[in-house]
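The primary structure of each chain is shown beneath.
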Amino acid sequence: MTDILRPKVLVVGGGPGGYVAAIRAGQLGLDTVLVEASRLGGTCLIRGCIPSKALIHAAGLYEQMAATHAKSMFGISLGRAPELDLTETVAWKESIVDKLSGGVAGLLRKAKVKTLAGWARFSDAKTCTVDTDEGLVRIEAEHVILATGSIPVEVPGIPFGGTVISSAEALSLPELPKQLVVVGAGYIGLELGIAFAKMGTQVAIVEMRDQILPLYDEQLVAPVRAWLDQNGVNLYLGARALGATGDALEIETNAGEPMSLPADRVLVTVGRKPLTQGWGLEEMALAMEGHFVKVDDRCATSTTNVWAIGDLVGEPMLAHKASAQGEMVAEIIAGHRRCFDPVAIAAVCFTEPEIVAVGMLPSEAGEGTIIGQFPFQANGRALSMDAGNDGGFVRVVARADNHRILGIQAVGVHVSELAGEFATLMEMGAVLEDVSGTIHVHPTLGEAVHESALKALGHALHI
Amino acid sequence: MGLYHFRLPDIGEGVAEAEIVLWHVKPGDLVKEDQSLVDVMTDKATVDMTSPVEGRVLAIHGAVGEQRAVGSVIIELEVEGDGNVTADAAVAPLGVLPPPEPAATASPLSEVPTQVETPSAPARTPAADAPKVAFATRAPAEVPLAAPATRRRAYELGIPLQFIPGTGPGGRITPEDLDAYIANGGANSVQGDTRYAVRNAVGDTRIIGMRRKIAEKMQDAKRRIPHIAYVEECDLTELEALRVDLNANRKDGQPKLTLLPFFIRALVKVLPDFPHINARFDDDEGVLHEHAGVHVGIATQTPSGLMVPVIRHAETRDVYDIAVELIRLSVAAREGNATREDLSGGTITITSLGPLGGITTTPIINHPEVAIIGPNKLVERPTVQGSFVTVRKMMNLSSSFDHRIVDGYDAALFVQAYRRLLEHPALIFMD
C-alpha cells in the first residue's frame, strides 16, 4: 500500500538550497514536503563547507603548537611535540555536523515541513516516489523545487576508489596520510591540501593550468603560493595526472616528462558537476543548459511550477547562492513578486592565508578604473595576530569617473569575515566615498578596507 | 503606537475594485479584532470586512457609493506595537493603485489627510521639485545601481530600474529617486538640458453624471457590438443644387433646409428594402425587432455631452416638417429639457459634424440599434466625368453596422442604394 502525499510544495534535496526553500515555504504557510536521501544539510553541512572548516581549524591549531615546540613563539614553548589522533579530530568534526544537521531538522519541524528520508524518483515533472524505511510514498505536488546539488568530478583514468578519494572521504579519513597528492588546485584542493600539510602530511599538488586558484589573479593568490613554498608543499603546475598505481600518482610534468609522485592517498578535486542522474530528471522533460538545468531569473524551469536552485542550475556552485535562490522561490510560490538579481556573490577560500573576493578583479574591470590596495603589514590588528608578514592585503576596484565600487578582494588571515562588508558594499551600490566616510573600528582588519578606499582616492593615512 | 493600514483585500477572481456600501466605523472609534469595519460590494456579492487588528480608527477613505481599488488603503488604524506601515512603505501604493485618491472628493468623514499625502511631503521628492538635479546618464547596457531594498520595491511595482534617473553618488538610484519616479506616474522627472520646463501637473476629474452615462453607454456598445465600418463617396452636387434652390425660394413660415432633412427622407425611402437595418436588436433575448416606422436618432452635441434625440415617425414628415422637428429637438437637448420620449426609441442614427465632419469617421452604434450613418464634410473636389475633370460637391458617407445582424454585403447594398438616392435626389421624392 503506497501512501500518497499531495503537498503544495515538494523540495527535493536537503542541502542549503533545499532546506532553506522548505523553511521559507513553511514560514509562508505552504504545505511543504522535503525529501532527502542522506542526512539533512547536504554537501555543505555533511561533507563540504562545515566539516572542512572544522578540520582546517584543528589543523591550524596543531600547526601552531608544533611550531611552538620547534621554537618558542611569543614566549610560549612546548616541552614535547603535540600529537594528533585523526580519529578524534574526525569525531569532533562529526559532533559539529551532527549538531548542525539536527538543528536543520528542528528548524524544518518548527516551520511545519514534513521531511521524508529516502531517494526521490520522478515519473513526471510533478510526481515522484520515495522509497522510505516505512515503504513507498508517492508525492503529487503542485510545485516542485529541485535542489539536488552536485557531486565531485572524476579525472579520466583515475576513478574514485581505493587510494583515490574525493573531498568527502578526505574529511573522514581513519588515519593521517603520510604522502598526499592533490589533483586540482582549485579552492577545495588547496583548502584540504593545506590542512593536511599543517597536520604533518607531505603534500604535493598537481594542476593542469599554470596557476593555482585560476579564478583569481596572481597578485591575489601570491600569499597562498608563498605559504605553499615555505611549507614544503610541492606544486606541479601545467602537469597532467595520468593514473594512480596504489602507492603513487603518475603524472606528466609541464616539461612533458613522466614522473611518479609517491602517495598513499590521491585526493581528486578537479571540480563538481550537477547531480542530474538517478532521480528521474530524464522523465521531467526539462530544458537543459549544458550539464545544468536551465532556469530563468526566477529559477523557473521550462515546466510551469517546477523550479530548480543551487548547484543544479549553474555557477557559482556556492551554498549561499543556493540558499538565496531557495528563499526566493518559496516566496514566489507564495505569491510574492521576486527575481534573482544579486549585484555580486562573494566567494571565500579558506586557504592559508584566506582569500575573499566579490565583483570584478582589476583585469576584468579594464580601463577607466582606479585601484586601491592596502597591505595588512600596515594594519595593527593583523600585526597583533602575527598576520602582517604573509603578504596579505585589501584591494578595491572602482570606476575612475564616479568612484562606484566594481569589485573588492582581500587575502590574509581571517579575511573571510570581511565577506559581509564586501557584499554589502556591492549590493548597496557603494562608491569609494561611502567606504571612506564610514568609521571603521579600531583595531580590526576592517580598517584595511577603509584604507584601501582612501588609497584609491589618493589619501591613505597609514601608508 | 504604530500605524496600521487596512487595504481592501483581493475579494475574488478578477475583482479590481469594490464599492463601499456601508461604514461600520468612523474616525475615533475603537475597534476590536474581527469587528466589522465596512461592507463593500462587488459585481458578485456584498462582503463584510472585519478588522485584523485591535486599534483606533484614524481615518477612513471612500464615501459610500464610491469605488475603491483592491489594494488601496481604506482604513488607517492606530495600533499597539509597530503596525504595518513605515514612512517609506507608505509611498508604494502611489504607483500601483489604478484610481489615485480623488483629492477633490475625499470622504467627508475622513478627518486626517489621506495616507498618500502624508509621506510624500515636499522634502521627500527632491528630484521632482528640482528638475535640474544632476545625475549620471546611463548607457543602454549599463546595469542600474540601487540598493537591494530599492531594487525589490521597484521590481514588486513592475518598474524597470533602467529608466529611473539615479541622483545618488555614481548614478545610484536612491529610494527618493524611486519615489519621485512613482510620483510622476513613471515619467522621467529629470529631463535633459533643455530650456523647456517639465510639466508635472495632473488634473484629476471625477467622471460623473452625464459624462459617466456616456462612458458607460459607449463602453457597452463597443463591448457588445462587433462593428463593421463602411465608407462611400457620394456626389451631392444635384442635392446641394436642389437644397439651395428650395432655400432661395422658400415661403413664409418654411424653415431653412440643411442637408439633414434630405438625408432623413432618403433613409425613409431606402429602409423598407432593408428592414433588418431599421431595427432594434434585443441581444439579451436574441430577438431583432424590425420597425416599420423610421425613428431617426440625431447625434447632438450639448454642453454636458453627447445626446441623441429622436425624430419619431420620420416617414410621416416632409423635409420642412423634419427641419422644424430638428430645431425643436436640438434646442430641447441643449437646454436640457428634452423628454424621455424625445431621447429614446430610435431605430437608426445619423451622426454628422457638418463642416467638422472630416473625411472618415467610425461611428459607434447607438445600442440597441444596428446601424449608424455618419455623413462627412461636403467639399468641392475635382472628379472625372467622361473625359473631363470637373468640380463636383463630394461628400463621404461613413457608416457602422452591427455585424451580428448585418453582413458586409448587405451593408454595402444598403449604402449603395442610399447613395443612389442622394446622388439623384428626385428618387427620394418618387413613389
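Residues numbered from 1 in each chain as written. Chains lettered and ligands numbered in written order. Predicted model: local features only at pLDDT ≥ 70, side-chain atom pairs only at ≥ 80, totals over all residues.

Peer 1: Describe the overall build of chain A, listing the residues and the values that go with them.
Peer 2: Of the regular secondary structure elements, chain A holds 14 helices and 26 strands. Buried positions account for 46% of the 463 residues belonging to chain A. Restricting to contacts in chain A with at least 6 residues of sequence separation, those with at least 24 account for 65%. (Helix = DSSP H or I, 4+ residues; strand = E, 2+ residues; numbered from the N terminus. Buried ≥ 20, exposed ≤ 12 C-beta atoms within 10 Å, placed from the backbone. Contact = placed C-beta atoms within 7 Å.)

Peer 1: Help me get a handle on the interface of chain A and chain B, residues and values and all.
Peer 2: How large an interface is tends to be reported as the accessible area lost when its parts come together. Listed per partner, the contact involves 11 residues of chain A and 12 residues of chain B. For the side of chain A that touches chain B, the class distribution of residues is three nonpolar, three polar and five charged. (Nonpolar A, V, L, I, M, F, W, Y, C, P; charged D, E, K, R; others polar.)

Peer 1: Which residues make up the packing of helix H7 (residues 260–270) of chain B against helix H8 (residues 319–335) of chain B, and what are the values?
Peer 2: Residues and elements named next belong to chain B. Relative orientation of the contacting elements H7 and H8 amounts to 120°, with a least axis distance of 9 Å. When the axis of H7 is compared with that of H8, the two are oblique. Between H7 and H8 lies a crossing whose hand is right-handed. In this structure, H7 uses Leu260, Pro261, Phe262, Ile264 and Arg265 to contact H8, whose residues at the interface are Val319, Ile322, Ala323 and Leu326. Across the contact of H7 with H8, the residue classes break down as eight nonpolar, no polar and one charged. (Axes fitted to C-alpha atoms, helices over the stretch in contact; angles between N-to-C directions. Parallel < 35°, antiparallel > 145°, perpendicular 65-115°, else oblique. Left-handed = near helix turned anticlockwise from the far one by under 90°.)

Peer 1: Any chance you could break down the nonpolar core for me, citing the residues and the numbers?
Peer 2: Among the nonpolar cores identified, the biggest contains 141 residues, and Ile145 and Ile309 of chain A are the most heavily contacted of them. With eight residues, the single largest contributor to this core is helix H6 (residues 187–198) of chain A. Leave out the neighbours within four places in its chain, and Ile145 of chain A touches Val9, Val11, Val12, Gly18, Ala21, Trp307, Ile309 and Val329 of chain A. Grouped together as the second largest cluster of nonpolar side chains are 50 residues, Phe262, Ala314, Ala333 and Ile428 of chain B included. (Core = buried A, V, L, I, M, F, W, Y, C linked by C-beta atoms within 7 Å.)

Peer 1: Tell me about the sheet that holds strand S15 (residues 248–252) of chain A, and name the residues and values.
Peer 2: Residue and element names in this part refer to chain A. The sheet built from three strands is open, its strands ordered S14-S15-S16 with antiparallel pairing. Each end of this open sheet is capped by a strand with a single partner; those strands are strand S14 (240–244) and strand S16 (258–262). Between one strand axis and the next, the sheet turns through 30° on average, direction left out of account. Here S14 runs beside S15; their pairing, made up of four bridges, is antiparallel. Across the sheet, Ala244 pairs through a bridge with Leu249, a residue of S15. (Pairing = 2+ DSSP bridges.)

Peer 1: Requested: an account of helix H9 (residues 319–333) of chain A, with residues and values cited.
Peer 2: Residue and element names in this part refer to chain A. Its 15 residues place the ends of H9 21 Å apart at the C-alpha level, agreeing with the 21 Å of an ideal helix rising 1.5 Å per residue. Among the 15 residues that make up H9, 12 are buried, leaving the element largely enclosed by the rest of the structure. Among the residues of H9, Ala319, His320, Lys321, Ala322, Ser323, Ala324, Gln325, Gly326, Met328, Val329, Ala330 and Ile333 are the ones counted as buried. Next to the buried residues of H9 lie strand S2 (9–12), helix H1 (18–27), helix H2 (42–47), helix H3 (49–70), strand S8 (143–146) and strand S21 (306–308). In the segment just after H9, Gly335 is the residue with positive phi, at about 100°. (Expected span 1.5 Å × (residues − 1).)

Peer 1: Tell me about the pairing of strand S23 (residues 354–359) of chain A, and name the residues and values.
Peer 2: Residue and element names in this part refer to chain A. The buried fraction of S23 amounts to six of the six residues, a majority that puts the element mostly inside the structure. Examined bridge by bridge, strand S22 (residues 347–349) and S23 share three bridges and lie antiparallel to one another. In the sheet register, Ala347 faces S23, and the bridge partner there is Ala357. Connecting S22 to the next strand, S23, in antiparallel fashion are four residues. Relative to strand S26 (residues 405–412), S23 runs antiparallel, the two sharing six bridges. When the sheet's bridge partners are listed, Ile355 is paired in S26 with Val411.

Peer 1: Quick rundown of the sheet that holds strand S18 (residues 388–402) of chain B? Include the residues and the values.
Peer 2: Residue and element names in this part refer to chain B. Strand order in the open sheet made by the six strands is S9-S18-S17-S16-S12-S15, with mixed pairing throughout. The open sheet is flanked by strand S9 (227–235) and strand S15 (310–311), the only strands paired with a single partner. Pairing of strand S17 (residues 371–385) with S18, which is carried by 13 bridges, proceeds in the antiparallel orientation. For Arg381, the partnering residue across the bridge sits in S18 and is Arg392. Packing of H7 onto the sheet brings it into contact with strand S12 (296–298), S15, strand S16 (348–350) and S17, and relative to S16 it is tilted by some 155°.

Peer 1: For the environment of Arg56 of chain B, give the residues involved together with the corresponding values.
Peer 2: Residues and elements named next belong to chain B. Tracing the backbone shows Arg56 in strand S6 (residues 55–60). Overall, the presence of 16 C-beta atoms within 10 Å leaves Arg56 in the partly exposed class. Each C-alpha atom, one on Arg56 and one on Tyr4, is 9.7 Å from the other, the two residues being 52 residues apart in sequence. Setting aside its immediate chain neighbours within four residues, Arg56 contacts Leu30, Leu77 and Glu78.

Peer 1: Now, about unusual backbone geometry: what can you tell me, with residues and values included?
Peer 2: The omega angle of the peptide bond from Glu315 of chain A to Pro316 of chain A is -10°, so this bond is cis rather than trans. Position of Pro316 of chain A relative to the elements: it lies in the loop between S21 and H9. The omega torsion of the bond from His367 of chain B to Pro368 of chain B falls at 10°, within 30 degrees of zero and hence cis. Tracing the chain through its elements places Pro368 of chain B in the loop between S16 and S17. Residue Cys299 of chain A is not a glycine yet carries a positive backbone phi of 65°. Its place among the elements puts Cys299 of chain A in the loop between strand S20 (292–293) and S21. On the neighbour-count criterion, Cys299 of chain A (27 C-beta atoms within 10 Å) is buried.

Peer 1: So what's going on with the packing of H7 of chain B against helix H9 (residues 408–423) of chain B? Residues and values would help.
Peer 2: Residues and elements named next belong to chain B. Two numbers describe how H7 lies on H9: the axes approach to 10 Å, and their chain directions differ by 130°. Taken together, the axes of H7 and H9 are oblique relative to one another. In this structure, H7 meets H9 at a crossing whose hand is right-handed. The residues of H9 that touch H7, namely those facing Ala266, Lys269 and Val270, are Ala417, Tyr418, Leu421 and Leu422. Considered class by class, the residues forming the contact of H7 with H9 number six nonpolar, no polar and one charged.

Peer 1: Let's hear about the confidence of the model for chain B: which residues, and what values?
Peer 2: Residue and element names in this part refer to chain B. Overall, the predicted model of chain B reaches an average pLDDT of 82, with 83% of residues at or above 70. Counting interchain partners and residues more than four positions distant, the pLDDT-below-50 stretch residues 87–136 has 103 contacts. With a pTM of 0.61, the predicted complex shows an ipTM of 0.71. (pLDDT = per-residue confidence, 0-100.)

Peer 1: Go over the environment of Asp179 of chain B with me, naming the residues and quoting the values.
Peer 2: Residue placement: Asp179 of chain B occurs in helix H4 (residues 175–183). Spatially, the C-alpha atom of Asp179 of chain B lies 9.9 Å from that of Thr150 of chain B, the residues being 29 residues apart in sequence.

Peer 1: Just give me the short version of the environment of Gly345 of chain B, but keep the residues and values in it.
Peer 2: Residues and elements named next belong to chain B. On the secondary structure map, Gly345 appears in the loop between H8 and S16. Judged by the 14 C-beta atoms lying within 10 Å of it, Gly345 falls in the partly exposed class. As a C-alpha pair, Gly345 and Val310 span 35 residues in sequence and 7.1 Å in three-dimensional space. Contact partners of Gly345, with chain neighbours within four places excluded, come to His295, Val310 and Arg312.

Peer 1: I'd like a description of the pairing of strand S25 (residues 393–399) of chain A, backed by residues and values.
Peer 2: Residue and element names in this part refer to chain A. Taking burial as the measure, the seven residues of S25 include six buried ones, the bulk of the element. In this structure, strand S24 (residues 369–375) lies alongside S25, joined through seven bridges in antiparallel fashion. Counterpart to Gln373 in the pairing with S25 is Arg395. In the sheet, S25 pairs with S26 via six bridges, with the strands oriented antiparallel. Its bridge partner being in S26, Val396 is matched across the sheet by Ile408. Here S25 folds back onto S26, and the loop between the two strands holds five residues, one of which, His403, carries a positive phi near 65°.

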